[in-house]
Amino acid sequence: MNTHKLLALAALLALTGCATTTGPEGSQAKLESREGGKARESRSNGPSVIPSGPLSALSGSVLSSQNVTSLEPPAELWSRIRAGFKMPNLDNDLVRQQEQWYATRPDYIQRMTDRSRKYLFHIVEELERRNMPTELALLPFIESAFNPQAVSSARAAGMWQFMPATGKDFDLKQNVFRDDRRDVLASTRAALDYLQKLYNMFGDWHLALAAYNWGEGSVGRAIKYNQARGLGTSYTDLSMPNETRNYVPKLQAVKNIIAAPDQFRAELPLINNHPYFQSVTLNRDMDVELAARLADVGVEDFKALNPQLNRPVILAAGTPEILLPWDNATVFKRNFAAHSEGKFASWTAWSAPATMSASEAARRVGMNENDLRSLNSIPPRMLIKAGSVLIVPRGQATQTDVTSQMADHGQLSLAPEIVTRRITVKAGRNESVASIARRHKMNPAQVAEWNDVGLAAAFKAGQQVVLHVPLRSAAPASPVVRTSAPARGVVRAAPVRAAAGRAAPAKNAKGSTARGPVHASARKPVIRAKKR
């Protein structure tokens, strides 16, 4: 009887302990209990395999077999890239020619592979995250030799060589302050998005690459052309420009060299399997030189990681993060905190209130005209259109940073500056600023300004009125009293965009308007077939 009571009490205590056990220790106990149960269940399904005798190291032949998986990541990045190759190999005479071209230029291979060390780890990370072939990490070798400042004759820019219009399609902003086609993170994201889209369209990586170079519309039309004639539709079957024909063979040649550098007597620089840079948040407008100094890196090294910057100031509202070498990011944060009471930016943005000359803009912002032109890339004999955004000195009293609206959308629009001559005409009876301007097809505000009168002012009969007319224009109807030497004045002219954008419409052979640049294949000789 006592024995039964003891057993019942023990069971009750056990149940109580299970019900009241809380916290990490209790959870861990439950987890271990469940895992132990699963292990016991697993062991009950089959006999245990217990090695007899002491354990011994695996032999080299076993380690080199495919049956053993390494538990450690590769120490250098090239091995990681080779392990991720997934594209079918292309093997033809064009590949051999490209291999020969690269193999006879070891210095070129050394320069571009050494340049890639800053960006390659990030690209490989993004490709693996998307489960894409790591061959695509080699594509910037073909596009730009891993130079983020590269610009083609067709205005494609950056490591991944985006055309202005395609860059906008993939949310790569292009304005006065920055060009995201050169941004390391943004352009890589856009390029991989585009390549994934093309692969989904064509179901073949070689065709996707051809479309990346030639345009999806061109590849699609070439496929339909072959289909209509019962021909093959693979990359090697299609008729295409020479540049696109050699595009995949170039990538295959670089892939072969990376896969077996000794075979091509190529020396690949050591690139550690570790991030080269990290992002640092920026919450204040800051001079590029100051940012580099706070990070203890050279300005050129800073620009190599932040190549999207068009001006000597970083606007936090548009560029909230900067890239810095891994160890220098900590240095920047420490120095930034110590500099918190100092001045961060000596430049700011200014919007032109009216169309004006560079000299007038320089006078208004207190700058030397040559400095203003150089800083804002304003060529000679060009007027600054109203609403254009310029970089100008930041006054000591200015505390606010540039707004996100201006940082993201600021553009510089220019118009040709037309040489004019100063003339004077006699006002008729009941003449006013408005009637004189209307008769001579001029802006009333300009007529008022030239004569230092109000916009609603009236002139006496016979009064001399000053006008500025283009040298090429016909003489006005009113009698001319006196002329003077040519002077520069503001007249209406079609704006010329200084910022990157779409090419102006061009007339084709039939006289109709075609938007965008002339197809590269129409040029002699063919330079680029790219339409990105």
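Each chain carries its own residue numbering, running from 1 in the written order of its sequence. A pLDDT threshold of at least 70 governs which residues receive local features in this predicted model, and a stricter bar of 80 or more applies before side-chain atom pairs are shown or counted, although totals over entire chains, interfaces and linings include all residues. The side-chain quantities take in all heavy atoms of the structure and omit both hydrogens and water.

Asker: Help me understand the pattern of salt bridges, please; the structure alone is not making it clear to me.
Answerer: Opposite charge on two side chains allows them to pair when their charged atoms are near. Put simply, a salt bridge is a Lys or Arg side-chain nitrogen that is within 4 Å of an Asp or Glu carboxyl oxygen. Inspection of the entire model under this criterion finds 20 salt bridges. Between Arg363 and Glu360 there is a salt bridge; the shortest N-O distance is 2.6 Å. Separated by three residues within a single helix, Arg363 and Glu360 lie in helix α18 (residues 358-365), roughly one turn from each other. Between Arg373 and Glu369 there is a salt bridge; the shortest N-O distance is 3.1 Å. Here Arg373 and its partner Glu369 are both found in helix α19 (residues 369-376), four residues apart, which amounts to about one turn of the helix. A run of H or I in DSSP becomes a helix once it reaches four residues, and a run of E becomes a strand once it reaches two; helices and strands are each numbered from the N terminus.

Asker: Would you take a moment to explain the side chain of Glu243 for this structure?
Answerer: Examined against the element boundaries, Glu243 turns out to sit in helix α13 (residues 242-245). Looking at Glu243, its side chain comes within polar contact range of the side chain of Asn213, at 3.1 Å. Counted as a polar contact is a pair of N or O atoms within 3.5 Å, where, for protein atoms, one must be capable of donating a hydrogen and the other of accepting one, and residues adjacent in sequence contribute only when both atoms are in side chains.

Asker: In this structure, what is going on with the confidence of the model for the protein chain? I would like to understand it.
Answerer: The predicted structure's coordinates, where accompanied by low pLDDT, should not be read in detail. Averaged over all residues, the pLDDT of the protein chain is 82; the fraction at 70 or higher stands at 75%. pLDDT expresses how confident the predictor is about each individual residue, on a scale running from 0 to 100. When checking whether two residues touch, look at their non-hydrogen atoms; a contact exists if any pair is within 4.5 Å. Ignoring residues within four places in sequence, the model shows residues 12-46, a span with pLDDT below 50, making five contacts including any to other chains. Within the model, the stretch residues 473-529 combines pLDDT values under 50 with 112 contacts to residues more than four positions away or in other chains.

Asker: Sorry if this is basic, but what is going on with the environment of Val299 here?
Answerer: As for its placement among the helices and strands, Val299 is situated in helix α16 (residues 299-305). Residues Val299 and Val288 lie 11 residues apart in sequence; the distance between their C-alpha atoms is 7.5 Å. Leave out the neighbours within four places in its chain, and Val299 touches Val288, Glu289 and Ala292.

Asker: When you look at helix α6 (residues 106-116) in this model, what are you seeing that I'm missing?
Answerer: One turn of the α-helix equals 3.6 residues, which is why residues spaced by three or four share an orientation. A 1.4 Å probe rolled over the protein chains alone gives each residue an accessible area, and that area as a share of the maximum for its type sets the label: buried under 20%, exposed over 50%, partly exposed in between. By the burial criterion, the buried members of α6 are Ile109, Met112, Thr113 and Ser116. Projection of α6 onto a plane perpendicular to its axis shows the buried side chains occupying an angular sector of 100°, all on one side. The directions from the helix axis to the C-beta atoms are what the arc is built from.

Asker: Any chance you could explain α18 here in plain terms?
Answerer: Turning to α18, its buried residues are Ala358, Ala361, Ala362 and Val365. Taken end-on, α18 shows its buried residues confined to a sector of 100°, consistent with a single buried face. Gly366 lies just past α18 and shows a positive phi near 75°.

Asker: Looking at this model, I keep getting lost on the pairing of strand β11 (residues 464-470). Mind explaining?
Answerer: Note on strand geometry: in a regular strand, side chains alternate between the two faces of the sheet. Among the seven residues that make up β11, five are buried, leaving the element largely enclosed by the rest of the structure. In short, DSSP must find at least two bridges between two strands for them to pair. By the bridge criterion, seven bridges tie strand β10 (residues 419-426) to β11 in an arrangement that is antiparallel. Each residue of the ladder has a partner; that of Arg422, found in β11, is His468.

Asker: For this particular structure, what's the right way to read unusual backbone geometry?
Answerer: Excluding glycine, residues mostly carry a negative phi; peptide bonds, for their part, are mostly trans. Of note, Arg381 is a non-glycine position whose phi angle comes to about 60°, a positive value. Relative to the assigned elements, Arg381 resides in the loop between α19 and β7 (382-384). Of note in this structure, Asp452 is not a glycine but carries a positive phi near 55°. When you line up the elements, Asp452 lands in the loop between α22 (444-450) and β11.

Asker: What is the right way to look at the packing of aromatic side chains in this model?
Answerer: Geometrically, a pair of aromatic rings is defined through the distance of the ring centres and the angle of the planes. Side-chain rings of Phe, Tyr and Trp, where Trp is taken by its six-membered ring, are said to pair if the distance between their centres is within 6.5 Å; with planes under 30 degrees apart they count as stacked, over 60 as edge-to-face, and otherwise as tilted. All told, the structure shown has 11 aromatic pairs when counted by the stated rule. An angle of 70° between the planes, with centres 4.7 Å apart, marks the rings of Phe141 and Phe146 as edge-to-face. Residue Phe141 is classed as buried on the basis of its relative accessible area of 1%. Ring pairing ties together the aromatic residues Phe162, Phe170, Tyr194 and Tyr212, which thus form one cluster. Lying across the ring of Tyr225, Arg229 places its NZ or CZ 3.6 Å from the centre. Lys255 extends its terminal NZ or CZ atom over the ring of Phe85, reaching a point 5.1 Å from the ring centre. Think of it as a cone above the ring: NZ of Lys or CZ of Arg counts as a charge over the ring if it is within 6 Å of the ring centre and within 35 degrees of the ring normal.

Asker: What is the right way to read the packing of helix α5 (residues 93-103) against α6 from this model?
Answerer: Helix-helix packing is described using two parameters, namely the angle between the two axes and the distance between the axes. The geometry of α5 relative to α6 is characterised by a closest axis approach of 6 Å and an angle of 85° between their N-to-C directions. Taken together, the axis directions place α5 and α6 in an arrangement best described as roughly perpendicular. Taken together, the residues of α6 that come into contact with α5 (itself represented by Trp101, Tyr102 and Ala103) are Pro106, Tyr108, Ile109 and Met112. Just so you know the grouping, Ala, Val, Leu, Ile, Met, Phe, Trp, Tyr, Cys and Pro go in nonpolar, Asp, Glu, Lys and Arg go in charged, and all remaining residues, Gly too, go in polar. Tallied by class, residues from the contact of α5 with α6 come to seven nonpolar, no polar and no charged. Orientation is described by axes fitted as lines to C-alpha atoms, over the contacting stretch for helices, and by angles from 0 to 180 degrees between their N-to-C directions. When describing relative orientation, an angle under 35 degrees is termed roughly parallel and one over 145 degrees roughly antiparallel, while 65 to 115 degrees is termed roughly perpendicular and anything else oblique.

Asker: How do you make sense of the nonpolar core when you look at a structure like this?
Answerer: One recurring pattern in soluble globular proteins: nonpolar side chains tend to sit buried together. In terms of nonpolar packing, the biggest core is built from 66 residues, with Trp160, Phe162, Leu195, Leu209, Tyr212 and Val219 touching the most fellow members. Element by element, the count of residues in this core is highest for helix α10 (residues 184-202), at nine residues. Definition used in this section: a nonpolar core is a set of buried Ala, Val, Leu, Ile, Met, Phe, Trp, Tyr and Cys residues joined via side-chain atoms within 4.5 Å. Of all hydrophobic cores here, the second largest spans 27 residues; its members include Ala358, Ala361, Ile384 and Ile391.

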